[in-house]
Amino acid sequence: GERAYFIRNIHVNPTNICVNRCGFCAFSRSKGQKGAFELSIKDILRKITTASRGRRIKEAHIVGGLHPDWPFEHYLEMLSAIRGAFPWLHIKAFTATEVDYFQRISRLRLGDIFDLLKRHGLDSMPGGGAEIFDKAVRQRLCPEKISGQRWLEVMEAAHRAGIRTNATMLYGHVEGYAERVDHLIRLRELQDRAIQNKQGGFQAFIPLSYHPKNTLLGGHHSSGIDDLRTIAVSRLVLDNFDHIKAYWVMLGEKISQLALLFGADDMDGTVIDEKITYAAGKESRRGMTAEELTHLIRRAGKVPVERDSFYRPVKA
């Protein structure tokens, strides 16, 4: 279609302290390690307040490390505090990896975890943690993280609970094309089941290009050609996904703009205060204005549409 979407959003990373040590991740730290941080709930509220001034923020995107000391109740308190302070704000929080960790530390059933998250303010979930589903690749990439099959199980449980989610794929590290295709087909099959069962399912797919700087894995950046090919193939394979996102923070502004001509229909958003990609050496700007996003979309020959978190137009 002719429309290309964006949202006014802020990224909140409560902590980079994590019990896992993924080879591709430059963001995580061990407790006490130089560069480790943990935000209090008051810090998070202050951050959202500052970002909201004059910007009409619609969504908070919240992901972080698997903190060794925070109980599940801490995350529920975090959601409740954000919901109480910002009742209009859509809370998109916690990857499937984080939800699996909540179950491990709380020993509750997965369905009960989602019920409590929703009750305390969760509106939807991001798609992080998927990386590449293939077992052999995942063993090299992130052996401590949940399996690809477990990621799919958690997302299917979220869909059963009425929670819309996104899905991602991290590409350009040690995987091949076969592993990418396998990843896409598994996502399409899960989306088929969600549609057949009349569940919300996935809203958008986001291909994430690997950034090697400051990681244990090392390697190289993907090429612009590979980025555009991945967007295009994703659009063709995932015929049951409504939206393909060109995440400008990872792709850069110009490749993301080009991606709108190769199958993407969403440039994500203002992305205020994202930290994970920049830890891996990303050198682009930190955050864009709605006016700048509108300009990029128009110059690509598309109609810019400001959206809410469920892709309902706020302003065209």
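One can find the structure itself at the top, above this paragraph.
Procedures and definitions
Residues numbered from 1 in each chain as written. Predicted model: local features only at pLDDT ≥ 70, side-chain atom pairs only at ≥ 80, totals over all residues. Heavy atoms only, no water. Disulfide = S-S within 2.5 Å. Buried < 20%, exposed > 50% of the residue type's maximum accessible area, 1.4 Å probe, protein only. Axes fitted to C-alpha atoms, helices over the stretch in contact; angles between N-to-C directions. Helix = DSSP H or I, 4+ residues; strand = E, 2+ residues; numbered from the N terminus. Left-handed = near helix turned anticlockwise from the far one by under 90°. Contact = heavy atoms within 4.5 Å. Nonpolar A, V, L, I, M, F, W, Y, C, P; charged D, E, K, R; others polar. Pairing = 2+ DSSP bridges. Right-handed = clockwise from strand over helix to strand, strands pointing away. Polar contact = N/O pair within 3.5 Å; in protein donor to acceptor, adjacent residues only side chain to side chain.

**Remarks on the state of the cysteines**
Consideration 1: The full count for this structure, using the stated rule, is zero disulfides.
Consideration 2: In this model C18 remains outside any disulfide bridge; the closest cysteine sulfur is found in C22, 6.5 Å from its own.
Consideration 3: Judged by relative accessible area, C18 falls into the buried class, the value being 15%.
Consideration 4: Cysteine C22 is unpaired, with the sulfur of C142 as its nearest cysteine sulfur at 4.9 Å.

**What about the packing of helix α7 (residues 177–196) against helix α8 (residues 224–237)?**
Consideration 1: Interhelical geometry of α7 versus α8 gives an angle of 35° and a closest axis separation of 10 Å. The hand of the α7/α8 crossing is right-handed. Facing Y177, R180, L184 and R188 of α7, the residues of α8 in contact are D226, R229, T230, V233, S234 and V237.
Consideration 2: Grouping the amino acids of the contact of α7 with α8 by side-chain chemistry returns four nonpolar, two polar and four charged.

**Comments concerning the pairing of strand β3 (residues 59–62)**
Consideration 1: Side-chain alternation along β3 places E59 and H61 on one buried face and A60 and I62 on a second face that is also buried.
Consideration 2: Alignment of strand β2 (residues 9–12) against β3, held across four bridges, turns out to be parallel. Of the residues in β3, the one forming a bridge with V12 is I62.
Consideration 3: Where β3 meets strand β4 (residues 90–93), four bridges bridge the pair, whose relative direction is parallel. Paired with H61 across the two strands is K92, which belongs to β4.
Consideration 4: Between the parallel elements β3 and β4, the chain passes through helix α2 (residues 72–85) in a crossover that is right-handed.

**Some points on the side chain of N16**
Consideration 1: Note that N16 resides in the loop between β2 and α1 (41–52).
Consideration 2: On the basis of relative accessibility, which here comes to 3%, the residue N16 falls in the buried class.
Consideration 3: Among the polar contacts made by the side chain of N16, one reaches the main-chain amide nitrogen of F37 at a distance of 2.8 Å.
Consideration 4: Residues contacting N16, with those up to four places away along its chain left out, are F27, S28, R29, G35, A36 and F37.

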